[in-house]
Structures are given as structure tokens and as C-alpha cells.
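One letter stands for each residue in the lines below.
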Amino acid sequence: MPTITQIEIIDLNLPFSHPFKIALAVMDSAHNIVIRIHDSDGLVGVGEGVPSRFVTGEAPETAFEAAKLYANFLIGKNPLEIDSHLATLERYMLKNPAIRCAYDLALYDLLARHAGLPLYALLGGTKQVLHSNRTLGIDSPAAMAQTAKAFVAEGAKYLKVKVGTGRAEDIARIRAIRESVGGGIPMRLDANQAWDEITAIKILNDLAEYEIEVCEQPLPYWNAEGLRRVRERSPIAIMADESIFDAHDAFRLASIGAVDYFNIKLAKSAGIHGALKINAIGEAAGVKCMLGGMSESLIGVSAGAHLICACPNIALHDLDSPFHFAEDPTFGGVDFQPNGMVTLSDAPGHGADVKPEWVEKSRRVVIGGS
Ligand SMILES: [Mg+2]
């Protein structure tokens, strides 16, 4: 059996081409942590985690240090024993889901490379062409309408629209976007916890006529009962995002009928292992899933795309974070077109890695020998 010989921890500092505003923050760059696990058979598995101060409670600095602590548990171990390793990392230090995600993805990637299979095949899936939405950050109604029109001109079939600055402004945004793109392009709203219950119910009823497919996280993350009450009074389907990290959250939300959809993000679920459990609970409860993201590069996005191909219950795909970056630090992995079309390759694993020049210029620590 192979053993883990070396772990590289790489801090990718990725400037955005434009600032991206949501109800929680304005972002102009991402700090993603990439883990590369080398083993005694000469194979390498690559994973990525996106720490988020205001969602996962991790900063790039804490995630980088946590990655070093976690690495010590894996050197010398058999990389194929994924379940046991992930349980060890969780027991050693709870939370830190984004950095545990980076390890989870690297271990699954390595397993698939040992099997000589693309990750979707390892997971029992069927290769498909995926259609991601394109996402609009918060801006003036006129500016958002213009961006929406540009996305649709590029071929986008679904729009995700960030809202959450107030009832009049949010309704004006949606009306302007719908007028500019016309009918037939479903919109997915994301309020990022900005509204209270009464505001959410009023806005969602006001928006019933605008072809809104779903509204994501209308309320603060802790208000599961509130989500249920909004859902009961809303003509638009409700999705949990910041309210759901793991299978326990999924079970609790499904038990009270709080939502129509779960937004699975690998940075919240601590990777594929946790995502499969959430999806299974959703499937059992009649709750469909979205596969979303934070600010993943094509490494995290490729892993997510392979997971989608193995989970038919993951019906909505929000994978367009790589379009934020001024430069692409990766090679390999999925092909992602501006129209939202995502095409997988049949390379072993998820197929994506960091370009050597980005390894060179990034903060990096190597643990273990060669
Ligand atoms: Mg969201």
C-alpha cells in the first residue's frame, strides 16, 4: 500500500478583476489554500479550500496554520484510507471546514489517480455537460441590468442575482434585470442573510411574477424556524446556504420543512465526503441541492463538477467563481465557457493543478521528505 510522503501547502493570493459585492461584504481578492499530497507511488492529489471569515469562520492565516497542524497526522499514512483520515482531522480540531475540504479533495483526487479513473467515474457517476449560472454582484439596478444583458449575450441560460440592500432597491434590481433580458432566463436570488422575516415575505411576494427560480438564504444563518415560516408564505422556493454546513444541519432543516433546496459548498461541507451525506439526506427528504462555491479556482470547481455528475439530486449548478479572477492560476480540470457550460475531461482525478509559476510565487510550506 502507498504511504503519504510529503504535503505541500500553498497560499494562492488571487486578485479579482473587479470588486464583487454581496450583502455580507465587498471582495476584491481571494486567498485560497491548495494542498498537494505526494505518495510513495509517485502520485500527487490536489485539493483546494476557500476560507471565508464571514461564512466558515476561517481567515487565510488561520487556515494556513491549521493546514500545517493537520499535515502532521497524514505523513506516513496510507492515503487510500480516506474515511479514517477525515475523521481524525475532524476529531483533532473541529470546524475549519474549508481547510479540511482542501485535504478531502486532495485525498479523493489521489484515490482516483490510483484507480486511473476520472473522479466522477470513481464516484459512480456519468459524465455530463453542466450548465452553471453566471452571477451578478450587488450594484445599481441599471448596472446589474447591463451586466445581465452581457451575460445572456454570451449565452448564459441562468442568472444568479445578489440582493439584500432593502426592499425598494432589491425589487428595482430584479425588475430592471428582467426587463433587460426578457423571459426564459430563470433568476436565482441570493440575499446572503440580509432580510428579516417580514421583509423576506413581502419581497418574495412582490417578485412572484419575475420568473425567480429560488431565493437563497433570505434570513440570518441561525434562523432555521424563520426559514420555515418564510417558506410557508413565499410563492418562491427557498434555499439554505449559510444555514447548512454538514449532514446534521441538513437533517435538522429537512426535519422541520425549512427549505426546498440545500446549497452544498465544499468549503462548508469539508469536502466531498460531507457533501455526499448532505445530498443523501436531501434526496431522502425530497430536498434538491445546488452545488455552489465561495471563490474557488478551477481546482475546487473541477472537483465540484465531478461530484455533480455522481449526484443527480444536485440539480442547480453555481460554479462561476473562476470568472472573478484577474488571472487563472491553474491548468487542467474542467473547461468553463462564458456561457456557463462546463465540460469535464477523462484525465484521472479531477484533473486540475496549480501552474508551476504560481507555486513559485506563492507562500508555500512543504511538510515531510521527498
Ligand atoms: Mg449563497
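Preceding block: the structure.
(A) Examining the environment of Gly-333 more closely. Residue position: Gly-333 is located in the loop between strand 13 (330–332) and strand 14 (335–336). Sequence-wise, Gly-333 and Asp-353 are 20 residues apart; in three dimensions their C-alpha atoms are separated by 7.6 Å.

(B) Focus on the sheet that holds strand 3 (residues 44–49). Pairing in this open sheet of four strands is antiparallel, and the strands run 3-2-1-17 from one edge to the other. Edge strands, defined here as strands with exactly one partner in the open sheet, are strand 3 and strand 17 (363–368). Taken over all neighbouring pairs, the strand axes of this sheet differ in orientation by 20° on average, direction set aside. Pairing of strand 1 (residues 4–22) with strand 17, which is carried by six bridges, proceeds in the antiparallel orientation. Bridging across to strand 17, Ile-10 finds its partner in Arg-364. Against the sheet, helix 1 (residues 60–74) makes contact with strand 1, strand 2 (25–39), strand 3 and strand 17, and its axis sits at roughly 160° relative to strand 1, the strand it touches most.

(C) Spatial organisation of the packing of helix 1 against helix 2 (residues 82–92). Between helix 1 and helix 2, the least distance of the axes is 10 Å, while the angle of their chain directions is 135°. Between helix 1 and helix 2, the interaxial angle falls into the category oblique. As for how helix 1 packs across helix 2, the hand of that crossing is right-handed. On helix 2, the residues touching Tyr-70, Phe-73 and Leu-74 of helix 1 are His-85, Thr-88, Leu-89 and Tyr-92. Considered class by class, the residues forming the contact of helix 1 with helix 2 number five nonpolar, two polar and no charged.

(D) Representation of helix 11 (residues 272–285) within the structure. Compared with an ideal rise of 1.5 Å per residue, which puts 14 residues at 20 Å, helix 11 spans 20 Å between its outermost C-alpha atoms and is within 8% of the ideal. Among the residues making up helix 11, those that are buried are Ile-272, His-273, Gly-274, Ala-275, Ile-278, Asn-279, Ile-281 and Gly-282. Note on helix 11: the residue one or two positions beyond its end, Gly-286, has a positive phi of about 75°.

(E) Structural view of the sheet that holds strand 12 (residues 314–317). The parallel open sheet is built from eight strands, whose spatial order is 5-6-7-8-9-10-11-12. Two strands close off the open sheet at either side, each with one partner strand: strand 5 (134–136) and strand 12. Within this sheet the neighbouring strands show an average axis-to-axis angle of 30°, counted without direction. Two elements, strand 9 (residues 238–240) and strand 10 (residues 261–265), share two bridges in a ladder whose sense is parallel. What sits directly across from Ala-240, in strand 10, is Phe-262. Across the sheet, helix 11 lies against strand 10, strand 11 (288–292) and strand 12, angled at about 170° from strand 10, the strand it touches most.

The rules we used
- Residues numbered from 1 in each chain as written.
- Predicted model: local features only at pLDDT ≥ 70, side-chain atom pairs only at ≥ 80, totals over all residues.
- Helix = DSSP H or I, 4+ residues; strand = E, 2+ residues; numbered from the N terminus.
- Pairing = 2+ DSSP bridges.
- Axes fitted to C-alpha atoms, helices over the stretch in contact; angles between N-to-C directions.
- Contact = placed C-beta atoms within 7 Å.
- Parallel < 35°, antiparallel > 145°, perpendicular 65-115°, else oblique.
- Left-handed = near helix turned anticlockwise from the far one by under 90°.
- Nonpolar A, V, L, I, M, F, W, Y, C, P; charged D, E, K, R; others polar.
- Expected span 1.5 Å × (residues − 1).
- Buried ≥ 20, exposed ≤ 12 C-beta atoms within 10 Å, placed from the backbone.

By themselves, these observations are geometric and do not establish any function.
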